[in-house]
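# Fold and contact review
What follows is the residue order along each chain.
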Amino acid sequence: MGQETGFNSLDGGDESKDGEKVGLKRKITMWNGVAIIIGCIIGSGIFVSPKGVLQESGSVGLCIVIWCVCGLISLVGALCYAELGVTITRSGGDYAYIREAFGPFLAFLQLWVNLIIIRPTAQAIVALTFAYYTLQPIFPDCDPPQLAIRFLAAICISILTFVNAMSVRAATRIQDIFTAAKLLALVIIIVTGFVQIGKGEVEHFEGLFEDSHWDIGKISLALYSGLFAYAGWNFLNFVTEEMIDPYKNLPRAIYISIPIVTLVYVMTNVAYFTAMSPREMLGSYATAVTFGQNIFGVAALIIPIFVALSTFGGVNGLLFTSGRLCFVGAREGQLPGIMAMISVTKHTPMPAILFTGGLSLVMLISDNIYSLINYLSFTQWLSVGASIVGMVYLRFTKPDMPRPIKMPLFIPFFFLITVLFLLIVPLMAAPYDTGMGVLIVCSGIPVYLIGVVWKSKPRAFQRFMENVTVLGQKAMGVASTS
């Protein structure tokens, strides 16, 4: 794939010493794909704060309905991404789709905001949650020290960055194991809930829809909270090039994983209400922990342990997919060329993974990373919406593109109406946060003009970039795939 920009670097050759072509290898099976999707979706949210949906919906019945609707919306979006993933088979997810449909400029803005802010911030937050719940049993009567939380979060990110840089198989194995652990935790909660129902603990289900908030604004905010917990349903599309037989395994992984997550989420919320009242849930900092304390007594320690396992797997999934986004952006010439190089022995995008892991460590220094996520929720949905618009646009402008999967047009149109709704609501409800998100996106414009459009950079700068590239190649043992 040709380079187009002033970010170009030296071509380090495309073969390893034994003559094997350097590149990403197809090692991700269908079940690895299922683990990646489930592992990225199920992080800390379902354990820590399902109260957001209850707070906005107002009743147990409407709360459970909202969780079902959010699963349906995620499934419809995932169906659209199944078509996109087998039509545009390059890794990179939204970035690849927006670039194919609308060109390099809008694609770069999507890349910029994801690579610099959204992904490293999300990785840092999930790592901090892992550290908090790992340390909580050591500090049962108070919050763990902030310094200890940040230090353990840094260790978590560092270990997983190393694993992802060294081995695709090890990274997917970790994802498989920790996805199984988090599902086991939720199964324990769900089974306990059924036992509670069998004992007659159903008082909180009486008057299911009493006090429901039927106001459209409240319902939209409840949907927003629920859909945040489903975030990650499109992450498998970031690693399409590494899937074995993606035409079959990508859509199958999507069809299997989204219904599983929806069923688990709905049943988990039902279980929560067998052990705590709506008022108690709204007052709880960590719903699953409160559930464990109410049910398991001295054995409640298992819940924080499972939350820690869940978030550890979540960090791994985010790092795995984020590294591929960085790699694809560099391969397209929109980032320094060293980021598009592959380890000649490990066949991983090592520089890209080290870069995104390093940015995540930097984010741990900030005290305002949660506010950054609030600023950029709007832009995340804007990115998803742009990808689906691109899907419809390509249907008409490139009707002859091979499409092994072709969804009826009413499916993307239904999803686009939902995305439009989710974009308008925060614009009205939180104009400051939305405006800050848009400003952060726009900050990528001068970077694009200087780094991509301006091709005749000073010779001294070009030599500097060439020297950095050669040094990086020698230090990491990487080579270009071009």
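In this text, all values refer to a predicted model and were calculated from it rather than measured experimentally. (Residues numbered from 1 in each chain as written. Predicted model: local features only at pLDDT ≥ 70, side-chain atom pairs only at ≥ 80, totals over all residues. Heavy atoms only, no water.)

### What about the overall build of the protein?
For the protein, the count of helices and strands is 19 helices and two strands. Against the 2.2 N^0.38 benchmark of 23 Å for 482 residues, the protein shows a C-alpha radius of gyration of 23 Å, consistent with a compact globule. When the backbone C-alpha atoms are referred to their principal axes, the protein occupies close to 75 × 50 × 40 Å. Expressed as a percentage of the 482 residues in the protein, the buried residues total 57%. At a minimum sequence separation of 6, the contacts of the protein that also span at least 24 residues come to 83%. In the form shown here, the protein has an accessible surface area of approximately 19600 Å², with 68% of it arising from carbon and sulfur atoms. Here the protein holds 30 positive side-chain charges and 28 negative ones, and the gap between their average locations is 11 Å. (Helix = DSSP H or I, 4+ residues; strand = E, 2+ residues; numbered from the N terminus. Rg over C-alpha atoms; globule rule 2.2 N^0.38 Å. Buried < 20%, exposed > 50% of the residue type's maximum accessible area, 1.4 Å probe, protein only. Contact = heavy atoms within 4.5 Å. Areas by Shrake-Rupley, 256 points an atom, 1.4 Å probe, with all protein chains shown as cover. Lys, Arg positive; Asp, Glu negative; His and termini not counted. Charge placed at Lys NZ, Arg CZ, Asp CG, Glu CD.)

### Quick notes on the nonpolar core
A general feature of soluble globular proteins is that nonpolar side chains tend to end up buried together. Counting 152 residues, the largest nonpolar core has I42, F47, W67, I189, Y265, W381 and F415 as its most contacted members. The leading source of residues in this core is helix α6 (residues 104-135), at 18 residues. Once residues within four sequence positions are removed from consideration, I42 is found in contact with F47, K182, L183, L186, V261, Y265 and S310. (Core = buried A, V, L, I, M, F, W, Y, C linked by side-chain atoms within 4.5 Å.)

### Things to note about helix α19 (residues 459-476)
Its 18 residues place the ends of α19 26 Å apart at the C-alpha level, agreeing with the 26 Å of an ideal helix rising 1.5 Å per residue. Of all the positions in α19, only M465, T469, G472 and Q473 are classed as buried. For α19, the angular spread of the buried residues around the axis is 100 degrees, confining them to a single face. Away from the buried face of α19 by more than 90 degrees, exposed residues N467, L471, K474 and A475 are located. At its buried positions, α19 is contacted by β1 (341-343) and β2 (478-480). Two residues or fewer after α19 comes G477, characterised by a positive phi angle close to 65 degrees. (Expected span 1.5 Å × (residues − 1). Arc of directions from axis to C-beta.)

### Quick look at the state of the cysteines
Per the counting criterion, the structure on display carries zero disulfides. Cysteine C40 remains unbridged, with the sulfur of C156 as its closest cysteine sulfur at 14 Å. (Disulfide = S-S within 2.5 Å.)

### Thoughts on the side chain of S91
With respect to the helices and strands, S91 occurs in the loop between α4 (60-87) and α5 (94-102). Looking at S91, its side chain comes within polar contact range of the main-chain oxygen of F238, at 3.5 Å. The contacts of S91, once residues within four sequence positions are left out, are A96, N237, F238, V239, T240, E241 and V328. (Polar contact = N/O pair within 3.5 Å; in protein donor to acceptor, adjacent residues only side chain to side chain.)

### What to know about the side chain of T290
Topologically, T290 is positioned in helix α12 (residues 287-295). Beyond its immediate chain neighbours, meaning those up to four positions away, T290 contacts M276, E280 and S284.

### Focus on the packing of aromatic side chains
If you walk through the whole model with that rule in mind, you get 18 aromatic pairs. Measuring from ring centre to ring centre gives 5.1 Å for Y132 and Y133, while their planes differ by 75 degrees; the resulting arrangement is edge-to-face. Taken individually, Y132 and Y133 each receive the classification buried, so the pair is uniform in this respect. Relative to F312, the ring of F178 has its centre 4.9 Å away and its plane inclined at 45 degrees; by these criteria the two rings are tilted. (Phe/Tyr/Trp six-rings, centres within 6.5 Å; stacked < 30°, edge-to-face > 60°.)

### Some details on helix α18 (residues 444-453)
Every buried residue belonging to α18 is among G444, Y448, G451 and V452, and all of these are buried. What you see down the axis of α18 is that its buried residues fit within an arc of 95 degrees, all on one side. The inward-facing, buried residues of α18 contact α6 and α17 (431-442).

### As for the environment of K346
Counting through the fold element by element, K346 comes out in the loop between β1 and α14 (350-363). Of the residues examined, K346 reaches a relative accessible area of 33% and is grouped as partly exposed. Residues K346 and K25, spaced 321 residues apart in sequence, show a C-alpha to C-alpha distance of 9.7 Å. If we ignore the near neighbours within four places in the chain, the residues touching K346 are A165 and M166.

### A look at the pattern of salt bridges
Pairing is possible between side chains that carry opposite charge, provided their charged atoms lie close to one another. Within this structure, the stated rule accounts for 10 salt bridges. E56 is the salt-bridge partner of K218, the closest N and O atoms lying 3.8 Å from each other. In this pair, K218 is assigned in helix α9 (residues 216-229) and E56 in helix α3 (residues 51-57), connecting sequence segments 162 residues apart. Using a relative accessible area of 34% as the deciding quantity, one classes K218 as partly exposed. Close ionic contact of R459 with E466 constitutes a salt bridge, the shortest N to O distance being 3.8 Å. On the basis of relative accessibility, which here comes to 26%, the residue E466 falls in the partly exposed class. In this structure, a network of salt bridges that share partners links the residues R90, R99, E100, E332 and K398. (Salt bridge = Lys/Arg side-chain N within 4 Å of Asp/Glu carboxyl O.)

### Observations regarding the confidence of the model for the protein
The predicted model of the protein averages 86 in pLDDT, with 93% of residues at 70 or higher. Put simply, helix α2 (residues 45-48) is where the protein has its lowest mean pLDDT, 76, and helix α7 (residues 146-166) is where it has its highest, 94. Every residue in residues 1-6 is under pLDDT 50, and counting partners more than four places away or in other chains gives 23 contacts. Note that pLDDT drops below 50 for residues 8-17; the model gives that stretch 29 contacts with residues more than four away or on any other chain. (pLDDT = per-residue confidence, 0-100.)

### Thoughts on the packing of α4 against helix α10 (residues 246-275)
Contact geometry for α4 and α10: axes closest at 10 Å, N-to-C directions at 170 degrees. It follows that α4 is roughly antiparallel to α10 by the angle criterion. Looking at the contact of α4 with α10 residue by residue, the class counts come to 22 nonpolar, five polar and no charged. (Axes fitted to C-alpha atoms, helices over the stretch in contact; angles between N-to-C directions. Parallel < 35°, antiparallel > 145°, perpendicular 65-115°, else oblique. Nonpolar A, V, L, I, M, F, W, Y, C, P; charged D, E, K, R; others polar.)

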